[in-house]
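Residues per chain, in single letters:
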Amino acid sequence: MKKDRIVSVDIFRGATILLMVLVNTPGTWSNVYGPFLHADWHGYTPTDLVFPFFLFIVGTSIAFSYKNRTVDAKAYRKIAIRALKLIVLGLFLGAFLIHYPFFKNFKDIRFPGVLQRIGVVFFLTAILFINLSWKKLIWVTAVLLIAYWLLMTFVPVEGVASTLERAPNNLANWIDVKVFGTHNYKADYDPEGLLSTLPAIASSLLGVFTGLILTAKQEKKATILMGIGGSFLIIGHMWDLVFPINKALWTSSFVLVTAGWANLILALIYYLTDVKKIEFGSIFRYAGANAIVIYFLSSFISKVMGQIQVGDTSLHGWLFQKVYVHDFLALETSSLLYGLSVVLFYSLVGYILYQKKIFIKV
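Because the structure is predicted, anything quoted here is derived from the model rather than measured.

Observations regarding the environment of His42
Considering the arrangement of structural elements, one finds His42 in the loop between helix H1 (7-24) and helix H2 (50-66). His42 sits 209 residues away from Thr251 along the chain, and the two C-alpha atoms are 9.7 Å apart. Separated by 3.1 Å, the side chains of His42 and Asn246 make a polar contact.

Written as structure tokens, this is what we have:
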């Protein structure tokens, strides 16, 4: 590892990906503690912070990787290839079956998705970063957030005033149904939909600014990040009054609140590890070194286990019932223990890859 590497960013990335694995693989979705579920619609839980945290750290990593990169055809090609890999992996996850014909019917394949959004956001954020100054990027971020708010609240849908509720006249949902049809997560909307990708780019751009601060030659970086994070939280919660915090719609208030928490948490980790030189969180660094690989493997294996039949249930269900369900444990606790076991397994995978110096670039 390079001596000048910012340890706190590696820890933050790894912790985010392991938390993503935890909330995605409970023992049973029927029994999950509230903080490990997404908000029903408006509002947010700790689980709703996970994906925006990852997009935020994608932006931070872009600032590290491309700050002094020569802008030429090779740079554009590498950015495009990486984005395309992420999109293809996401589509594969959504379409794969373990039995013949090994892929879902075309009409049932979900087009949007987590990896697809990461790919698109990475591509556009990287292109913006290598072409614009940080001052212009601030304007782009502001325009994305304000324009999305105006579109969602003032543009009517087929002559009907737009709503921010889950309804046919919700502009983001309406566009997804019109564009993707049956290829959405739900029949009426997709949480990684088309229009909501605009503010998701802003989430990544806010991570870019944090990356620029961390790489700049200035003092009291932790204090600066704390101030920025607190400001984002205040503005985001004030904006919530007219544009509710909502992950499914990725509202502008959601962008600011989640970026606020990301800056506060990263500032604390930065202060402890990079300023005070306190060593902790190595397991997160190991996972963060192959974050996309761990996410893909966890999603793929979870899907395979869900499709393998064992009696009248799946391999996943059988393992949960046989190993984790006991009379002396609440089902929510059993479900959480299953998820923690999965996290432990992928932490071990991350450790082994790290020790063998295997870093798979996606």
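Having seen the model, we can carry on.
Describing the pattern of salt bridges
Evaluated as defined, the whole model comprises seven salt bridges. Put simply, Glu158 and Lys178 hold a salt bridge, and the shortest N to O gap is 3.8 Å. Here Glu158 is found in the loop between helix H5 (134-154) and helix H6 (171-180), whereas its partner Lys178 is found in helix H6, with 20 residues between them in sequence. Overall, the relative accessible area of 61% leaves Glu158 in the exposed class. Judged by relative accessible area, which is 55%, Lys178 ranks as exposed. The partner of Asp188 in a salt bridge is Arg166, and the shortest N-O contact between them spans 2.7 Å. Of this pair, Asp188 sits in the loop between H6 and helix H7 (197-215) while Arg166 sits in the loop between H5 and H6, placing them 22 residues apart in sequence.

Regarding H1
In this model H1 runs 26 Å from its N-terminal to its C-terminal C-alpha over 18 residues, within 8% of the 26 Å that 1.5 Å per residue would give. For H1, the tally of buried residues reaches 14 of 18 residues, placing the bulk of the element in the interior.

Looking at H6
When H6 is considered as a whole, its buried residues turn out to be Leu171, Ala172, Asn173, Ile175, Asp176 and Phe180. Structurally, H6 contributes buried residues whose contacts are with H5. Of the residues flanking the start of H6, the one acting as N-cap is Asn170, its side-chain oxygen 3.2 Å from the backbone nitrogen of Ala172. Gly181 lies just past H6 and shows a positive phi near 60°.

Examining the packing of aromatic side chains
Following the criterion strictly, the structure yields 23 aromatic pairs and no others. Taking the centre distance of 6.0 Å and the plane angle of 50° together, the rings of Tyr148 and Phe243 count as tilted. Of this pair, Tyr148 sits in helix H5 while Phe243 sits in the loop between helix H8 (221-239) and helix H9 (252-275), placing them 95 residues apart in sequence. Residues Tyr148 and Phe243 agree in their burial class; the two are buried. Taken together, the ring pairs connect Phe92, Phe96, Phe103, Phe296 and Phe300 into an aromatic cluster. Over the ring of Phe122 we find Arg82, and its NZ or CZ is 5.0 Å from the ring centre.

What counts, and where the lines are drawn
- Residues numbered from 1 in each chain as written.
- Predicted model: local features only at pLDDT ≥ 70, side-chain atom pairs only at ≥ 80, totals over all residues.
- Heavy atoms only, no water.
- Helix = DSSP H or I, 4+ residues; strand = E, 2+ residues; numbered from the N terminus.
- Polar contact = N/O pair within 3.5 Å; in protein donor to acceptor, adjacent residues only side chain to side chain.
- Salt bridge = Lys/Arg side-chain N within 4 Å of Asp/Glu carboxyl O.
- Buried < 20%, exposed > 50% of the residue type's maximum accessible area, 1.4 Å probe, protein only.
- Expected span 1.5 Å × (residues − 1).
- Contact = heavy atoms within 4.5 Å.
- Phe/Tyr/Trp six-rings, centres within 6.5 Å; stacked < 30°, edge-to-face > 60°.
- Lys NZ or Arg CZ within 6 Å of the ring centre and 35° of its normal.

None of this, on its own, says anything about what the molecule does.
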